[in-house]
Amino acid sequence: MVTGSGTAIRTEDFGTLADGTPVHRWTLERDGTRVRVLTYGGIVQSVEVPDRDGARAGVALGLPDLAGYQAFPGPYFGALVGRYANRIGGARFELDGRTHRLTPNEGRNQVHGGARGFDKRVWRAREVAGGVELSLVSEDGEEGFPGRLAVSAAYTLDEGGALRITYRATTDAPTVLNLTNHTYWNLAGDGSGSALGQVLRIAARRITPADAESLPTGAFLPVEGTRFDFREPVPVGAGYDHNFVLDGTGPAAELYDAASGRVLTVTTTEPGLQLYTADHFDGRPFGPCAGIALETQHFPDSPNRPEFPGTVLRPGEEFVSTTVYGFTVR
């Protein structure tokens, strides 16, 4: 069907979990952009956009079936990540004088919400203007996090075919929260091999350098004169898994593929962006650097870093965050 917003929306079955829970796929289409979203993990399975000649191709790494996502959970292909995206050091944090111990799932640390984060949950879905809204309730104590959290994510297509993701959440007890989408982008097409060499700009004068466990040291490093300087467009090389401190004015990032002419522009209300070049992909199912993740989020380990922007959510407050992925050609 086509809604009053101009977006064509349809839904279909996408398999069943071992416990009998059904999974559905929602397809959104508008102004040349086609997006497919799964109720499993809030996954953006595919994004198809035209090149400068009008030929449409997939620009987001995705898998063809539910079994694939269950077989390869670690890369978080296209997933909605939470309760806390990125890492929390020591799988613990203190809030209001109480220590909360989380489920570690990366050595001694927790990454992307723990062993059963939001990426492994089946979300409820309902049609909204321009797209689909997914929602779930994360009970008090899940993966160690305090508070009963009600969270939603609306995936909609704006005029021009931009994909907008709007996150909302409330809690009944103080907690911490950091949500992101973990899509890997390859503007040459999702079967084209390495995405290295595509041209990237990030509006950030600083990064938060990390230690050997990929935890921030607490310092802020200016990018000037370093390989982290993407203030002017430069081809992406390998070896990035770093949080950039966004300047907060204009688009956060822009990625460009010269061969196809496709341009991805990322705008966000978040203060940080994690650039990850997926160097460790081993060919199952994608090779090294097959996609570039541009994860808009708060900073890693913020619950243990009072010098970073806060991630505490309290009763009576509403968490709201928006990221828009716009697509054009040159």
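Keep in mind that this is a model prediction, so the values were computed, not measured. Chains are numbered independently. Their residues run from 1 in the order of the written sequence. The predicted origin of the model limits local features to residues at a pLDDT of at least 70 and limits the giving and counting of side-chain atom pairs to 80 or more, whereas totals for whole chains, interfaces and linings rest on all residues. Where side-chain values are given, they derive from all heavy atoms of the structure, hydrogens and water being excluded.

Draft legend 1. A look at the nonpolar core. Counting residues in hydrophobic clusters, the biggest one holds 54 residues, and the most contacted among them are Val47, Tyr155, Trp185, Ile202, Leu264, Leu275 and Leu294. Secondary structure follows DSSP: runs of H or I at least 4 residues long count as helices, runs of E at least 2 residues long count as strands, and numbering of each begins at the N terminus. With five residues, strand β13 (residues 149-157) is the single largest residue contributor to this core. We call two residues in contact when some of their heavy atoms are within 4.5 Å. Excluding residues that lie within four positions of it along the chain, Tyr155 makes contacts with Leu28, Val37, Gly42, Val44, Leu80, Gly130, Gly131, Val132, Leu134, Leu163, Arg164 and Ile165. What is meant by a nonpolar core is a set of buried Ala, Val, Leu, Ile, Met, Phe, Trp, Tyr and Cys residues, joined one to another through side-chain atoms within 4.5 Å. Each residue is assigned to one of three classes by its accessible area relative to the maximum for its type, calculated with a 1.4 Å probe on protein chains only: buried under 20%, partly exposed between the two thresholds, exposed over 50%.

Draft legend 2. View of the pattern of salt bridges. Each salt bridge in this description consists of a side-chain nitrogen of Lys or Arg and a carboxyl oxygen of Asp or Glu lying within 4 Å of one another. Within the structure shown, the criterion is met by 20 salt bridges. Taking the shortest distance from any N to any O, the salt bridge between Arg34 and Glu48 comes out at 3.0 Å. Taken together, the residues Arg34 in strand β3 (residues 33-38) and Glu48 in strand β4 (residues 44-50) connect sequence positions 14 residues apart. Its relative accessible area of 15% is what places Glu48 among the buried residues. One salt bridge in this structure joins Asp247 and Arg205, with 3.2 Å as the shortest N-O distance. Taken together, the residues Asp247 in the loop between β22 (241-246) and β23 (253-256) and Arg205 in strand β19 (residues 204-208) connect sequence positions 42 residues apart. What makes Arg205 exposed here is its relative accessible area of 52%.

Draft legend 3. Region of interest: empty space enclosed by the protein. Note on definitions: the grid is 1 Å and covers protein atoms alone; a cavity is a set of points where a 1.4 Å probe fits but cannot get out; a pocket is an open set with protein on both sides within 12 Å along at least five of seven lines; lining residues have an atom within 4 Å of a point. Grid points are joined across faces, edges and corners, and a volume is the space filled by probe spheres set on the points. What the rule picks out here adds up to three cavities of 30 Å³ or more. Taken as a whole, the largest cavity spans an internal volume of roughly 70 Å³. Tyr40, Ile43, Tyr69, Phe72, Pro73, Tyr76, Phe77, Ala79, Asp119 and Lys120 are the residues that line the largest cavity. Each residue belonging to the lining of the largest cavity can be placed in one class, and the counts come to eight nonpolar, no polar and two charged. Its volume calculated, the second largest cavity comes out at about 60 Å³. Surrounding the second largest cavity, Asn86, Arg87, Thr208, Ala210, Ser214, Pro216, Asp241, His242, Asn243, Gln274 and Pro300 form its lining. With three residues, the single largest contributor to the lining of the second largest cavity is β22. In terms of residue class, the lining of the second largest cavity is made up of three nonpolar, six polar and two charged. Amino acids are sorted into nonpolar (Ala, Val, Leu, Ile, Met, Phe, Trp, Tyr, Cys and Pro), charged (Asp, Glu, Lys and Arg) and polar (every other residue, Gly among them).

Draft legend 4. Just the layout of surface pockets, in detail. Empty space within the largest pocket amounts to approximately 450 Å³. Together, 25 residues line the largest pocket, and Gly74, Pro75, Tyr184, Asp241 and Tyr276 are the ones closest to its centre. Looking at the lining of the largest pocket residue by residue, the classes come out as ten nonpolar, eight polar and seven charged. In this structure, the second largest pocket encloses a volume near 160 Å³. Lining of the second largest pocket is provided by Leu95, Asp96, Arg98, Thr99, His100, Asp140, Gly144, Pro146, Gly147, Asp172, Ala173 and Pro174.

Draft legend 5. Layout of unusual backbone geometry. A cis amide bond links Gly82 with the next residue in sequence, Arg83, at an omega value of 5°. Inspection of the secondary structure puts Arg83 in the loop between β6 (80-81) and β7 (87-88). A cis amide bond links Arg284 with the next residue in sequence, Pro285, at an omega value of 5°. By the secondary structure assignment, Pro285 is in the loop between β25 (272-276) and β26 (292-297). Backbone geometry places His112, a non-glycine residue, at a positive phi of 55°.

Draft legend 6. Layout of the side chain of Asn243. The topology assignment puts Asn243 in strand β22. For Asn243, a relative accessible area of 2% puts it in the buried group. Separated by 3.0 Å, the side chains of Asn243 and Thr208 make a polar contact. Not counting the four nearest positions on each side in its chain, Asn243 is found in contact with Ile207, Thr208, Gly272, Leu273, Gln274, Phe299 and Pro300. Polar contacts, as counted here, are pairs of nitrogen or oxygen atoms within 3.5 Å of one another; within protein the pair requires one atom able to donate a hydrogen and one able to accept it, and residues that are adjacent in sequence qualify only if both atoms are side-chain atoms.

No statement about biological role is implied by the geometric values presented.
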